[in-house]
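# Coordinate analysis (summary)
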Amino acid sequence: MGQAPVVYGQSDRPPRGDYSRASADYTCAQNYAAYTEADHLTYHRLYERQSALLPGLASQHFIDVLPALGAKERIPRFEEVNERLFKATGWEIVGVPGLIPEVPFFSLLAQRKFPVTDWIRKPEEFEYIVEPDIFHDLFGHVPLLFNPVMADFIQAYGQGGLKAAELGACEMLSRLYWYTVEFGLIREGGGVRAYGAGILSSAGELAYSVQSPEPHRLPLQLERAMRTLYKIDTYQQTYFVIDDMQQLLDLASTDFAPLYAQLRQQPTIGAKQLLPGEQLI
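Small disclaimer: the values here were computed from a predicted structure and weren't measured.

Below, the discussion takes up empty space enclosed by the protein. One pass over the structure, following the stated rule, counts one cavity of 30 Å³ or more. Taken together, Phe-114, Gly-140, His-141, Leu-144, Leu-145, Met-150, Ile-154, Val-181, Tyr-195 and Ala-197 make up the full set of residues lining the largest cavity. Of all elements in the fold, only α5 (134-141) and α6 (148-167) reach the threshold of two or more residues within the lining of the largest cavity. In terms of residue class, the lining of the largest cavity is built from eight nonpolar, two polar and no charged.

One can expect most non-glycine residues to show negative phi and most peptide bonds to be in trans. Non-glycine residue Tyr-26 carries a positive phi angle of around 75°. In this fold, Tyr-26 is placed in the segment before α1 (37-53). The class of Tyr-26 is buried, set by a relative accessible area of 3%. Not every positive phi belongs to a glycine, and Arg-112 is a case in point at roughly 60°. When you line up the elements, Arg-112 lands in the loop between α4 (102-110) and β2 (113-117). Judged by relative accessible area, Arg-112 falls into the buried class, the value being 15%.

Attention shifts here to the environment of Pro-132. Among the secondary structure elements, Pro-132 is positioned in the loop between β2 and α5. The partly exposed category is assigned to Pro-132, whose relative accessible area is 24%. Once residues lying within four places of it in the same chain are set aside, the contact partners of Pro-132 are Leu-99, Thr-117, Trp-119 and Asp-137.

Parameters at a glance
Residues numbered from 1 in each chain as written. Predicted model: local features only at pLDDT ≥ 70, side-chain atom pairs only at ≥ 80, totals over all residues. Heavy atoms only, no water. 1 Å grid on protein atoms, 1.4 Å probe; cavity = no way out; pocket = protein on both sides within 12 Å on 5 of 7 lines; lining within 4 Å. Points joined across faces, edges and corners; volume = space filled by probe spheres on them. Helix = DSSP H or I, 4+ residues; strand = E, 2+ residues; numbered from the N terminus. Nonpolar A, V, L, I, M, F, W, Y, C, P; charged D, E, K, R; others polar. Buried < 20%, exposed > 50% of the residue type's maximum accessible area, 1.4 Å probe, protein only. Contact = heavy atoms within 4.5 Å.

Worth remembering: the numbers are spatial, not functional.
Okay, structure coming up:
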């Protein structure tokens, strides 16, 4: 297929997954019969643990739509999720063998197709897994695709990603995805709550991101987030907070081309670096 998945963080492992199953756009059929009873049990245990942690930590936007994912006892069939998802927002999920290159990823998002890794972690990886598996993708990402505003933002991000690829600016744009879709916080309930998939699918980082005094929490500002480096092997040291979901969609209407040119003239910002005058939330 030519391209290898791009990871801007640090990793010594090759991408996991059987890429020989993938078609030209990197999608593959969900081989549902291949899941073992142990696989279904792992999914059920993960779902039960994470859903019990959500109150007071996860955004109500997420809690409200989580039931649309379907039964928690077994790994969902993609076609059954799609029946509900397409009716709600015109999105569908498609199977992929694992991490995929940027342009195919952006292309799928631009078509309102969300790639979901179809394999699940082993029981010994229950607490931590390096790469996203089906639980991370389904539980973390898919529920908010039932939210019309987030659904439109993800499509706009995919469209913007295709333009960024032409401009050689994917790394800068990847930071925006990381600090919103994966590790975003939102003002809610008199404090902050998590809406990012990387937080929502992590037992430890969910409480850490919302309650710990250790990380920095800053209001989301486009240029600041796109200059900020991030961690892939530890909890985040900086989180960006939005006021509401509409703020993301408003950001997506920005003309990014001049912004990329501007950002190229500025240094990156460390994962826990504060700039003079910044006020923490």
